[in-house]
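# Summary of the model geometry
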Amino acid sequence: MTEPKTVAAGAAVTLTGLRKHYGEVRAVDGVDLVIAPGEVVALLGPNGAGKSTTVDMLLGLTRPDTGAVTIFGSSPGNAVADGRIGAMLQGGALLDDATVGETVGMIASLHRNPLRVAEALRGAGIEDLANRRCNKLSGGQKQRVRFAVALVSDPDLLVLDEPTAAMDVQTRREFWLSMQDFTTSGRTVLFATHYLEEAENYADRVVFLSKGRIVADGSVAGVTALTSGRTIKAVLPGATGHALHKLPGVSEVDIRGDRIILSSNESDKALRTLLAEYPQAYDIEVTAIGLEDAFLTLTGHATLSDGGSAPTPPFEGNETR
């Protein structure tokens, strides 16, 4: 697991004792987080976990009730003014009548040492959209424009809030290829996402938030290791949930037609017993607990596997602020 003290002196991001309450709602309730330069960190959590509020405080858009935010040793406001932070937020508005090139150019003009507009468009994979008006863009294309806007300051830290919302599967894949070009230069990235597959594939580190607090922080392997057990899948005609629940260590049973899916913290014993009692079972597969299962265990919320579809509860679009 990550030890914040080891990187605090030269950290890209330091959040210390961060709290933000709205009446009785504790949106963020004591978050301590240190991100080293060059890390790619995924911020995960269910509705109301505090992800977006944390991002807002990191960017200086919301003041914490208590605690402190430091970006490369400076305040969020100074880091933004110096062009060291690029942000891609869900609610980022685009001017309908402006072209994509004009939009990115306007943002570039606000910074001291921006990228060339063409370079930012190329980095976001939207060079062909430079002359298209923003009101003629699809939802996924608008997200790519927001990415170009975030890139144009040539930031050291890129903050992305649900960056692939409204993108189809192919556009999402292209987006992350663009992101990989950015991160190979040693830049720091913090992204919040409802697609757990994105966190598994692209993050060096995952941070789970629940009820305004960090409940897990580390590599994907480290976080999944916090939850013991394996998943057993098999084709077993006629099986009943009541009987399968009696297998050693089985905590969950899912029956889909003739196919069964078992979660067990004693998978070896469960499998031996299963084969002894149900010799007709076939197409057996045993896999380690994944990030989705770890999320379920550590936060107590169900989740949605990545299938390229739009997010559904409990993952947040706009959480309670």
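Thresholds, definitions, all that
- Going along each chain's sequence as written, the residues are numbered from 1 onward.
- Residues qualify for local features only when their pLDDT is at least 70, as the model is predicted, and side-chain atom pairs are given and counted only at 80 or more; totals for whole chains, interfaces and linings, by contrast, use all residues.
- Derived side-chain values reflect all non-hydrogen atoms in the structure, with water molecules and hydrogen atoms excluded from consideration.
- Secondary structure follows DSSP: runs of H or I at least 4 residues long count as helices, runs of E at least 2 residues long count as strands, and numbering of each begins at the N terminus.
- Here's how the labels work: a residue is buried when its accessible area is under 20% of the maximum for its type, exposed when over 50%, partly exposed in between, all with a 1.4 Å probe on protein chains only.
- Note on definitions: a residue-residue contact is assigned when non-hydrogen atoms from the two residues lie within 4.5 Å.
- Two strands qualify as a pair provided that DSSP identifies no fewer than 2 bridges between them.
- Here an axis means a line fitted to C-alpha atoms, over the contact stretch when the element is a helix, while the angle between two N-to-C directions is reported on a 0 to 180 degree scale.
- The arc in question is traced by the directions running from the helix axis to the C-beta atoms.
- A score from 0 to 100, pLDDT tells how confident the predictor is in each residue.

### Examining the environment of Lys142
Here Lys142 shows up in helix α5 (residues 139–151). What makes Lys142 partly exposed here is its relative accessible area of 26%. The contact partners of Lys142, leaving out residues within four places of it in the chain, are Leu94, Cys134 and Leu137.

### Focus: the sheet that holds strand β9 (residues 213–218)
Each strand in a sheet pairs with its neighbour through backbone hydrogen bonds, running either in the same direction (parallel) or in the opposite one (antiparallel). Pairing in this open sheet of six strands is mixed, and the strands run β5-β6-β7-β3-β8-β9 from one edge to the other. Looking along the sheet, the strands with just one partner apiece sit at the ends: β5 (85–88) and β9. Neighbouring strand axes in the sheet, compared pairwise and without regard to direction, differ in orientation by 15 degrees on average. Relative to strand β6 (residues 157–161), β5 runs parallel, the two sharing four bridges. Note that in β6 the partner of Ala87 across the bridge is Val159. In this fold helix α1 (residues 51–58) packs onto β3 (40–44), β6, β7 (188–192) and β8 (205–210), with an angle of close to 150 degrees to the strand it touches most, β6. Across the sheet, α5 touches β5 and β6, and the angle it forms with β5 is around 170 degrees.

### A short note on the pairing of strand β1 (residues 13–22)
Here β1 pairs with strand β4 (residues 66–71) via five bridges, running antiparallel. Bridged to Arg19 within β4 is Thr66. Inspection of the sheet shows β1 paired to strand β2 (residues 25–35) by eight bridges, in the antiparallel sense. Each bridged residue has a counterpart across the sheet, and for Arg19 the counterpart in β2 is Asp29. Linking β1 to β2, which pair antiparallel, is a turn of two residues; within it Gly23 sits at a positive phi near 65 degrees.

### A look at helix α10 (residues 267–277)
Every buried residue of α10 is accounted for by Ser267, Ala270 and Leu274. Taken around the axis of α10, the buried residues stretch over an arc of 60 degrees, which confines them to a single face. Seen from the buried face of α10, the exposed residues on the opposite side, beyond 90 degrees, are Asp268, Arg272 and Ala276. Elements that come into contact with the buried residues of α10 comprise β10 (230–235), α9 (241–244), β11 (250–256) and β12 (259–264).

### A word on the confidence of the model for the chain
In this model, the chain carries an average pLDDT of 85, and 85% of its residues clear a pLDDT of 70 or more. Counting interchain partners and residues more than four positions distant, the pLDDT-below-50 stretch residues 302–321 has 57 contacts.

### What to know about the pairing of β11
Alignment of β11 against β12, held across six bridges, turns out to be antiparallel. Counterpart to Glu252 in the pairing with β12 is Ser263. Connecting β11 to the next strand, β12, in antiparallel fashion are two residues, including Gly257 with a positive phi near 65 degrees.

### Some thoughts on α1
When you tally the buried positions in α1, you get eight out of eight residues, the bulk of the element. Those residues of α1 that sit buried are Lys51, Ser52, Thr53, Thr54, Val55, Asp56, Met57 and Leu58. Where α1 ends, the next residue or the one after it, Gly60, has phi of about 80 degrees, a positive value.

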